[in-house]
Each structure stands twice: as C-alpha cells, then as structure tokens.
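For reference, the chains in residue letters:
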Amino acid sequence: MSRKRKGPSRFAALRAKPPLFWIKIVIIACATAYLAWLSFIHAVANITWDRNPDIALYYVPDHPLALSRKADELFAQKQDPATLAKVEAMAKQSLRGGALNPVAIRLLGYVADARGDVKKARELMLLSQKVSRRDFGTQLWLIEDAVARNDKKAALYHYDIAMRTTPSSFPLLFPTLTGALDDPEVRVALAPIVRQAPVWLPAYLGDAINSIENPANLADMLVKAGRLPDEDSYRNLSNALLGQLAAKNKFPAFRQYYLSLKGSNISAFRSASLTKATVNLAYPAAGWQVVENVGIGGAFSQPDGKGRFSLAAFAGSGERGEVMRKLLFLEPGNYRFKAQYSALEAVSDAEIRWDMQCITPTGNVGKWFVDTPVRKGNFANMQDFNIGNDCPTQLLILQAAGGSNQLGAEFTLRAVDVTPK
C-alpha cells in the first residue's frame, strides 16, 4: 500500500518567495516601527509639555507648545538681551509649528515690552487675546497696561475676563480689586460688570466682605450695580455685608444698602415691635437678632393672626447676659418705650433689663436702661426718652438674669413698642 506524498512545508513555501517580497516586508516593518516611534514620542511630548517641557523637547525638539512653555520659563527667570533673543526665537519657532498659540504671541509681546516698544507689545497682546481669552499672562499685562494709562474701564474689562477664565487668579486679583474700590470711579465702572452676575462674583464678594477695610465702598458699588440674583447664596452674602457695615459703624451705608435689597422694609428701622417687619427677616441684621448663649436665650413663636410674635426667654440660675438686640434709626424727638411680659412663676432676684445705646464713631454711649423683676402673671414696664441730633443710630438690647432659683427664670415677652409721644 503506497503512502500519500505530503505537500511542501510552510517554510518551504516562504523560502520559495522572490527577493522582492522580502524587500517589501522589510520596508513595511521599518515604516511601522518608525510610525510607532513617532506616535510614542509625540504622545510623551503631548503629556509632558506643560509640566516638563524639557522632556517634551528632548523627544520632539520642535513641539510648539513645549517651545512656548519653555520660553515662558526662561523669560520668568531673567530678561537680559541674550535671554530675550532666545525667548523670541523659541516663540517664533513655536508659531511656525502652530500659528494659533496665544502664549507664543504673548511672549513676543513681553520681548517687545522689555525692549521698550510698548506700542508693538500692546498690539501683540491684543492679538494674543483674540486668539484666546484664557491666557492669564496676556490679561495680566493688559490690566497693568490699562492701569498705567489710567484707563480704569479697560483695566476692569480685563479683570473680568481673567477672573471668568482663570479661577486660579482669584488670590492674586481679588485683593487688588477690593483695594481699588476706594476710588469712586472704579466703583462706577465695576457696577455694570457686577450687574451681569459673572461666575466669579460669589467668591469675590465672600473674600471682599471678610477683608475690606471700608465695607461702605463695597456696599456703594453693589447699590450702583442693582440687586443681586434672588438666591440663598447671595442673600447670605448680603447679610454678611450688613453685619460688617454694622460692626464697623458704617450705618448710613448700612441703611442705604439694606433698602436696596429685595423685600426690605423701611419700617424695620423705625419699629421695635415684634412683627413681620422686624422678626425672622430675610436679612436678619436689620431686625431683631437673638444672641446664642449656653445659659441664656430665647425663641420666637409663630405669628398670630395679626402677624405679631412673642418671645419665650430663659436665663439659667446665676446667669446674666444678652437675649436679643436690634438696630434703630429713630428721628430726633420724644418717644415712649413699653414692654409687656408674662411668667408662670415669680423669681424675686431674676431680672429683665432693657438698655438703649447711642452708636457713635467713638463707641456706644448709654442712653437709658430700665429693669423689672420677673413676676408671676402679666406685667409691664415703660420708659420715656428723647433722641437728639447727636444720636442718629440706636441699639436696643434685651438682657436677662436668672437669679438664684435652682431652675433659673423663664418669661414671655408678649410685646414691645417704641412710639413717638
């Protein structure tokens, strides 16, 4: 029985291929390897150009972004003629590889500025801005250029762009912008920008409220800008500003700013009554403010059918301190103060005290005070007084003392009024 012959092996078939076949294989393999190498080095360059341009330029010497990044580093280190020439050459090489590179254009502007050609520098910076508004170095130069030309409107325009596009600029720009609010022209020019509620505004207001030396300048700018968006975050910022205005005795600005806010009511400044005009306001700084203490405190009731509140107050045994306070802007004249209370138990050495002070630039001056013991049932007290021209802003304070009773004292403030006589 004869065996069937096997066909030629696979290797034999390959050996039979003509030389041209193998030349093509080698060319394809080399081209593939070369393309893979190019992909690798460009991938490395694209990953590292921003954080480590030296590595990117090692692999791709003409990488446009790495060139501009390295030139930026060189310019920051020194600006002698040799370095300027090198920066200029690298920036131009970068632009040959990628014409729409705002950093390279800005660096050419830096070089022109360092050489004294401010006109050319400004043209290049404006071109850089047209290419991209996100280059912070360009915006910073344009801000400084506008300030040098005393063009406050242009400076604020570039401030707005820089803060919209570069949140990392906040720590650098916020303090300078806040300091500039001392200038009335800056407040006028900034108002239309703030009116648009840019994305940087909440962060800026929070920083300015906490750091500004004269919060009246900030309040004036906001009044000129118009009402802020009707949102909780902005209401909190407005109330914080009111608190700073009060803390720094800027009461004309306090009054003006409060009355510019949505839902404000001028009666909050003239009334001490426990009503919706003074209790649980959207802006508590203008109304009755309960002070948080461990051993002393109070809480308002829900309003009755006539919109009136009462205050349930307490003071622990041996405790004495403030329960609540309110700013008033009473006009000069004669007034009568009256308060009504109720208590379930009398505490002989417990006390309710009202204190009115005039707020002056040099400090608070006591106007009058009146005390009453905590008695069982309903009781009241009254005080007549006069407000003169030397006392345009008043502070009315309710204090309580718990006495020696083991459980302290509790009472309800049913009503309080300050009325002209």
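1. Re the overall build of the chain
When helices and strands are counted, the chain shows 16 helices and 10 strands. Within the span of the chain, comprising 421 residues, buried residues form 43% of the whole. Of the contacts made within the chain by residues no fewer than 6 positions apart, 64% connect residues no fewer than 24 positions apart. Working note: accessible area of the chain is about 22900 Å², and carbon and sulfur atoms make up 55% of it.

2. Let's talk about the sheet that holds strand 5 (residues 333-343)
As summarised here, the arrangement of the 5 strands in space is 2-3-10-5-8, forming an open sheet in which the pairing is antiparallel. Each of the sheet's edge strands pairs with one partner strand only, and the pair in question is strand 2 (296-300) and strand 8 (377-387). This sheet shows a mean twist of 25° between the axes of neighbouring strands, independent of strand direction. Judged from the 5 bridges that link them, strand 3 (residues 311-315) and strand 10 (residues 409-420) form a sheet pairing that is antiparallel. The residue bridging Leu311 from the neighbouring strand is Leu413, located in strand 10.

3. Notes on the packing of aromatic side chains
Ring pairs (aromatic) are described by centroid distance and by the angle formed between their planes. Applying the stated rule across the entire model yields 18 aromatic pairs. Relative to Phe385, the ring of Trp368 has its centre 5.4 Å away and its plane inclined at 40°; by these criteria the two rings are tilted. With a gap of 17 residues between them, Trp368 in strand 7 (residues 363-374) and Phe385 in strand 8 connect regions that are remote in the sequence. There is no split in this pair, since Trp368 and Phe385 are both buried. One aromatic cluster is present, built from ring pairs that chain together Trp288, Tyr335, Phe337, Trp354, Trp368 and Phe385. Sitting over the face of the ring of Phe369, Arg353 holds its NZ or CZ atom 3.9 Å from the ring centroid.

4. Describing the sheet that holds strand 6 (residues 347-360)
Pairing within the open sheet is antiparallel, and its 5 strands lie in the order 1-4-9-6-7. Every other strand in the sheet has two partners, leaving strand 1 (289-290) and strand 7 as the edge strands with one partner each. Bridge analysis of strand 4 (residues 320-328) against strand 9 (residues 394-401) gives 8 bridges, and the strand direction is antiparallel. When the sheet's bridge partners are listed, Arg320 is paired in strand 9 with Ala401.

5. A look at the confidence of the model for the chain
Taken over all residues, the pLDDT of the chain has a mean of 88, while the share at 70 or more is 87%. Mean pLDDT across the elements of the chain ranges from a minimum in helix 3 (residues 53-59), with 61, to a maximum in helix 13 (residues 215-225), with 98.

6. Details of a nonpolar patch on the surface
Together, Leu20, Ile23 and Ile27 line one region of the surface with nonpolar side chains, adding up to about 300 Å² of accessible area. Among the secondary structure elements, Ile23 is positioned in helix 2 (residues 19-48).

7. Structural notes on the pattern of salt bridges
Counted by the stated rule, this structure contains 22 salt bridges. Arg149 is the salt-bridge partner of Asp145, the closest N and O atoms lying 3.0 Å from each other. Here Asp145 falls in the buried class, since its relative accessible area comes to 8%. Put simply, Glu322 and Arg325 hold a salt bridge, and the shortest N to O gap is 2.5 Å. Classification of Arg325 as partly exposed rests on a relative accessible area of 30%.

8. Quick look at unusual backbone geometry
Non-glycine residue Ala197 carries a positive phi angle of around 50°. Note on placement: Ala197 falls in the loop between helix 11 (184-195) and helix 12 (201-211). Even without being glycine, Asn249 reaches a positive phi, approximately 60°.

9. Digging into the packing of helix 13 against helix 14 (residues 232-247)
Describing two packed helices takes the angle between their axes plus the distance from one axis to the other. Here helix 13 crosses helix 14 at 140°, and the two axes come no closer than 9 Å. Classified by the interaxial angle, the pair formed by helix 13 and helix 14 is oblique. The two elements helix 13 and helix 14 cross, and the hand of that crossing is left-handed. In this structure, helix 13 contributes Pro215, Ala216, Leu218, Ala219 and Leu222 to the contact, and helix 14 contributes Leu241, Gln244 and Leu245. Partitioning the contact of helix 13 with helix 14 into residue classes produces 7 nonpolar, 1 polar and no charged.

10. Topic: the side chain of Gln357
Among the structural elements, Gln357 can be located in strand 6. At 3.1 Å, the side chain of Gln357 forms a polar contact with the side chain of Asp355. Those residues in contact with Gln357 that sit more than four places away from it in its chain are Asn364, Val365, Gly366, Lys367, Thr393, Gln394, Leu395 and Ile397.

About the cut-offs
Residues numbered from 1 in each chain as written. Predicted model: local features only at pLDDT ≥ 70, side-chain atom pairs only at ≥ 80, totals over all residues. Heavy atoms only, no water. Helix = DSSP H or I, 4+ residues; strand = E, 2+ residues; numbered from the N terminus. Buried < 20%, exposed > 50% of the residue type's maximum accessible area, 1.4 Å probe, protein only. Contact = heavy atoms within 4.5 Å. Areas by Shrake-Rupley, 256 points an atom, 1.4 Å probe, with all protein chains shown as cover. Pairing = 2+ DSSP bridges. Axes fitted to C-alpha atoms, helices over the stretch in contact; angles between N-to-C directions. Phe/Tyr/Trp six-rings, centres within 6.5 Å; stacked < 30°, edge-to-face > 60°. Lys NZ or Arg CZ within 6 Å of the ring centre and 35° of its normal. pLDDT = per-residue confidence, 0-100. Patch = residues over 30% accessible without salt bridge, like charges linked within 9 Å, V, L, I, M, F, W, Y side chains within 5 Å. Salt bridge = Lys/Arg side-chain N within 4 Å of Asp/Glu carboxyl O. Parallel < 35°, antiparallel > 145°, perpendicular 65-115°, else oblique. Left-handed = near helix turned anticlockwise from the far one by under 90°. Nonpolar A, V, L, I, M, F, W, Y, C, P; charged D, E, K, R; others polar. Polar contact = N/O pair within 3.5 Å; in protein donor to acceptor, adjacent residues only side chain to side chain.

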